[in-house]
Each structure stands twice: as structure tokens, then as C-alpha cells.
Amino acid sequence: MFEEPGHKPLTRRQAEIMEYLAAGYKRETIAQKMGLSIYTLRAHIRTIWIRFRVTREKDALTIWETQRWKYYPAEQGRPSGTDLPSEPQP
């Protein structure tokens with residue numbers, strides 16, 4: 001199957017991380033909610049940036065907000081089992 005360069009789908013976990021980042025959550029909070037160490041979360045984020053071909057979080061979020069449909073896992077929609085509010089909770 002041919003995949004357009006730079007548009008390989010994210011994993012369910014990576015998509016969930018992007019949803020949290022787009023909602024404005026801090027990395028420490030995301031790691032805690034997902035049961036990850038901050039170092040594992042950072043590794044996931046680096047992988048996402050490589051996939052998006054960006055070097056800044058702002059650019060990754062712009063791509064996610066405008067083209068997320070290209071990056072969701074093909075067999076899934078929005079990550080299941082998560083309740084991602086539109087804004088971070090204090």
C-alpha cells in the first residue's frame with residue numbers, strides 16, 4: 001500500500017498525546033494521566049515530531065489542528081476510553 005511521504009498514521013497512543021497537547025495540557029499532567037514517565041512521553045513526542053517533519057511543538061500542533069484526519073490510525077477514530085476536555089483542568 002502506498003503512503004504519502006510524511007503522512008504515516010500515528011499510533012493510538014500518539015494520537016491521544018496530540019489530543020492532550022492540543023487541549024493545552026502540560027507534559028507532566030499528560031504523563032500522569034497516561035501512566036507514563038515524563039521521559040517516555042518526551043520520546044513519544046519526539047517520534048510525533050519526526051513523523052510530522054517539524055522541530056517545534058507549535059508547528060506540530062498546527063499540523064494536528066489542520067490535518068489530524070491524515071494522521072489518525074486508519075482503523076480508529078478519536079482514541080477510545082479517553083475523556084479529553086476542550087480545556088485543561090486546573
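Refer to the preceding data block for the structure.
These notes cover the structure that comes with them. (Residues numbered from 1 in each chain as written. Predicted model: local features only at pLDDT ≥ 70, side-chain atom pairs only at ≥ 80, totals over all residues. Heavy atoms only, no water.)

1. Describing the nonpolar core
Condition: To define a nonpolar core, start from buried Ala, Val, Leu, Ile, Met, Phe, Trp, Tyr and Cys residues and group those joined through side-chain atoms within 4.5 Å. Between buried and exposed lies partly exposed: a residue is buried under 20% and exposed over 50% of the maximum accessible area for its type, with that area taken using a 1.4 Å probe on protein chains only. Counting from the N terminus, the helices are the DSSP runs of H or I reaching at least four residues and the strands are the DSSP runs of E reaching at least two.
Counting residues in each nonpolar core, the largest one holds 24 residues, and the members touching the most others are Leu-10, Ile-17, Met-18, Ile-30, Leu-41, Phe-52 and Trp-64. When contributions to this core are tallied by element, the ones reaching two or more residues are α1 (12-22), α2 (27-34), α3 (38-52) and α4 (57-71). The leading source of residues in this core is α3, at six residues.

2. Details of the packing of aromatic side chains
Remark: the centre distance and the inter-plane angle together describe each pair of aromatic rings, the angle taken between the planes. Condition: Each Phe, Tyr or Trp ring (for Trp, its six-membered ring) is paired with any other whose centre lies within 6.5 Å, and the angle between the two planes then decides the class: stacked below 30 degrees, edge-to-face above 60, tilted in between.
With the rule as written, the count across this model stands at one aromatic pair. The interplanar angle of 85° and the centroid separation of 5.1 Å between the aromatic rings of Tyr-20 and Tyr-25 together place this pair among those described as edge-to-face. Accessibility assignment for this pair places Tyr-20 and Tyr-25 in one class, buried.

3. A short note on the environment of Ala-31
In plain terms, the rule: Contacts are assigned to residue pairs with any non-hydrogen atoms lying within 4.5 Å of each other.
In this structure, Ala-31 sits in helix α2. Looking at Ala-31, the relative accessible area reads 4%, which means it is buried. A sequence separation of eleven residues divides Ala-31 from Arg-42, and the C-alpha atoms of the two residues are 9.1 Å apart. Beyond its immediate stretch of four places on either side in the chain, Ala-31 contacts Leu-36, Ser-37, Ile-38 and Leu-41.

4. Concerning the environment of Arg-68
As for its position among the elements, Arg-68 is in helix α4. Overall, Arg-68 belongs to the partly exposed group, its relative accessible area being 22%. For the pair Arg-68 and Met-18, spaced 50 residues apart in the sequence, the C-alpha separation amounts to 9.3 Å. Not counting chain neighbours up to four residues away, the residues in contact with Arg-68 comprise Glu-19 and Ile-63.

5. What to know about the packing of α1 against α3
What counts, and what does not: Here the axes come from fitting lines to C-alpha atoms, over the contacting stretch only for helices, and the angles between their N-to-C directions go from 0 to 180 degrees. Small angles under 35 degrees read as roughly parallel and large ones over 145 as roughly antiparallel, with 65 to 115 read as roughly perpendicular and the rest as oblique. Under the scheme applied, nonpolar residues are Ala, Val, Leu, Ile, Met, Phe, Trp, Tyr, Cys and Pro; charged residues are Asp, Glu, Lys and Arg; polar residues are all the others, including Gly.
Contact pair α1 / α3: the axes reach a minimum separation of 10 Å and the direction vectors enclose 95°. Between α1 and α3, the angle is such that the two are roughly perpendicular. Between α1 and α3, the contacting residues are Arg-13, Gln-14, Ile-17, Met-18 and Leu-21 on the first element and Leu-41, His-44, Ile-45, Thr-47, Ile-48, Arg-51 and Phe-52 on the second. Of the residues in the contact of α1 with α3, the class split is seven nonpolar, three polar and two charged.

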